[in-house]
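Structure at a glance
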Amino acid sequence: MENKKSKSLRILVIGSGGREHALVRKLAASPLTEKIFVAPGNGGTAGLAENVAIAADDIEGLAGFARENGIDLVVPGPEAPLTLGVTDVMRQAGIICFGPDKYCAALEGSKIFAKEIMRAANTPTAACRVFDNVDDAREYAAKADRPLAIKADGLAGGKGVIVARDRDEAARAIDEIMSSGKFGEAAKKILIEEKLEGEEVSLLFFCDGKVAVPLPSAQDHKRVYDGDLGPNTGGMGAYSPAPCLPDEEADAVADLVARPVLAELERRGHPFRGVLYAGLMLTADGPKVLEYNVRFGDPECQPLLARLESDLVSHMLACVNGTLGEEKIVFSPKTALGVVLAAEGYPDNYPKNLKIEGLDDAADEGVAIYHSGTKYENGELASSGGRVLCATALGDDLQDARNRAYRALEKIKMPHSHFRKDIGAKGLDRLRREKKKGS
Ligand code: AMP
Ligand code: GLY
């Protein structure tokens, strides 16, 4: 393995979002990189790497491509290939894969498994009950004396969680998730959790099986409209750091939500290697885990990588080799903020093939436009998905990063487009409150 470090690497990135565009850009900047392929990629990755038409969940297709093309390092972006076992399959072929094995990926693939691990690791999370029967679930919810969160056990594209304010909403949520058939196998079992109160924040960790190193905090904006209204989406914007979780507190949070989980998984014979993402609620009783993801978040990845100054390829190899403790991981003290431009109607029905213009005008120092649902056709850029791109800016502070990202976004023209105007507003409010208190 060590000799891989001095060799030029052929890298296969899996996925097609803004996260993957940001990963490709960072990997391309490494002196360790020879060539990058992206499966299937998007209009943005096409300019930096070679897109190959293999779907992100076609594990056999990806393994065949990796073998035939001398791939040294595989970097899965989304959760699907990980929960399908891409890391195990690549490992069997002698190819390094930056991500947890199938067993560990169930931390994201099964909320019940995640709760079992958290219980064993003594990790703070919401109290919950598991049901595999609609009637029992309804009966339990009908007697509840506080608000509940109803969750499908399996992967549901971010739509399998409903936070209910009262018993009626809880009953409707149980029907929606268990009986509608929308979620298939993913909703054969559900969890009913106590509703937690507090500010949400994401903390991601590089993990090498034993060691977990926290990245700076980030905050996503999951709802489609300003003021956290409307349906949940994949994420409409993110920034880092989030003032509600300052850098100096990250290590103590790692002791609560990451390191005991790594120890438990290692004890079970499955050391977690890759990125562990803890979605946290900062409650009056301290941070509690809402969910684990087993990969970078999208769009959290875009501002986080905008701040990463050290070599991502080297960090990924250290995670796989178990040498993370020796890595020097450096983040810029600046703030980064990304705003997602979406097609009107997303996350439900939305138009595609919308012409995108003005990207060259938008480019500025410290600003990167990461593509997600885009494609080039006859040399013209057009939308191909609901989330289309993410304008990401690095600034001296949150206000500066925000101004730069919105300035860039205003220059981009796409009909029927929509973006949130309040990305970072919660962080700015907190900074203002803290300043007032301090003065
Ligand atoms: P999850 O996929 O489990 O992170 O849930 C999606 C979203 O639902 C989270 O980002 C929270 O906004 C919300 N949520 C999930 N669980 C709870 C809970 N126990 N209490 C309050 N909100 C929750
Ligand atoms: N932005 C949330 C996620 O990637 O799951």
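Look above for the structure.
Throughout what follows, the structure given in this document is the object of discussion. (Residues numbered from 1 in each chain as written. Chains lettered and ligands numbered in written order. Predicted model: local features only at pLDDT ≥ 70, side-chain atom pairs only at ≥ 80, totals over all residues. Heavy atoms only, no water.)

**Some remarks on the site of ligand 1**
Note the following rule: Note on definitions. A residue lies near a molecule or strand when any single heavy atom of the residue is within 4 Å of it. Each polar contact in these results corresponds to two N or O atoms within 3.5 Å; when the atoms are within protein, one needs to be able to donate a hydrogen and the other to accept it, and residues that are neighboring in sequence are counted only if both atoms are side-chain atoms. Using the Shrake-Rupley algorithm and a 1.4 Å probe, accessible areas are obtained, with residue cover drawn only from the displayed protein chains. In DSSP terms, a helix is any run of H or I states spanning at least four residues, a strand is any run of E spanning at least two, and both are numbered starting from the N terminus. When residues are grouped by polarity, Ala, Val, Leu, Ile, Met, Phe, Trp, Tyr, Cys and Pro land in nonpolar, Asp, Glu, Lys and Arg in charged, and all others, Gly among them, in polar.
In the neighbourhood of ligand 1, 14 residues make up the surrounding shell, with E193, E194, L196, E200 and E291 lying closest. One of the side-chain N or O atoms of K222 is found 3.2 Å from an oxygen atom in ligand 1. Taking E291, its side chain carries an N or O atom lying 3.2 Å from an oxygen atom of ligand 1. In isolation ligand 1 offers 470 Å² of accessible surface; the protein chains occlude 90% of this area. Elements that contribute at least two residues to the shell around ligand 1 include exactly β7 (148-152), β8 (161-164), β9 (190-194) and β17 (286-293). Among the residues forming the shell around ligand 1, the class breakdown is six nonpolar, no polar and eight charged.

**Overview of the side chain of T233**
How we decide: Exposure is judged per residue with a 1.4 Å probe applied to protein chains only, and the accessible area is read against the type maximum: over 50% gives exposed, under 20% gives buried, and values in between give partly exposed. In what follows, residue pairs with any heavy atoms lying within 4.5 Å of each other are defined as contacts.
By the secondary structure assignment, T233 is in the loop between β14 (229-232) and β15 (237-240). According to the relative accessible area criterion, T233 is buried, its value standing at 9%. At a separation of 2.8 Å, a polar atom in the side chain of T233 contacts the main-chain amide nitrogen of G235. Residues within four places of T233 in sequence aside, it is in contact with H221, K222, R223, V224, Y346 and P347.

**What to know about the nonpolar core**
Selection criterion: Take the buried residues of types Ala, Val, Leu, Ile, Met, Phe, Trp, Tyr and Cys, join any two whose side-chain atoms come within 4.5 Å, and each joined set is a nonpolar core.
With 77 residues, the main nonpolar core has L12, L107 and Y292 as its most contacted residues. For this core, the leading source of residues is helix α15 (residues 398-410), giving six residues. Setting aside anything within four residues of it in sequence, one finds L107 in contact with F113, A114, I117, V261, L265, F272, L276, Y292 and V294. Grouped together as the second largest cluster of nonpolar side chains are 36 residues, I11, A22, I96 and A368 included.

**Thoughts on the site of ligand 2**
Around ligand 2 sit D220, G234, Y277, N293, R295, G297, D298, P299 and E300, and that is every residue in its neighbourhood. Contact distances for ligand 2 include 2.8 Å between a nitrogen atom and a side-chain N or O atom of D220. Alone, ligand 2 offers 200 Å² of accessible surface; in the complex the protein occludes 88% of this. Class assignment for the residues of the shell around ligand 2 results in two nonpolar, three polar and four charged.

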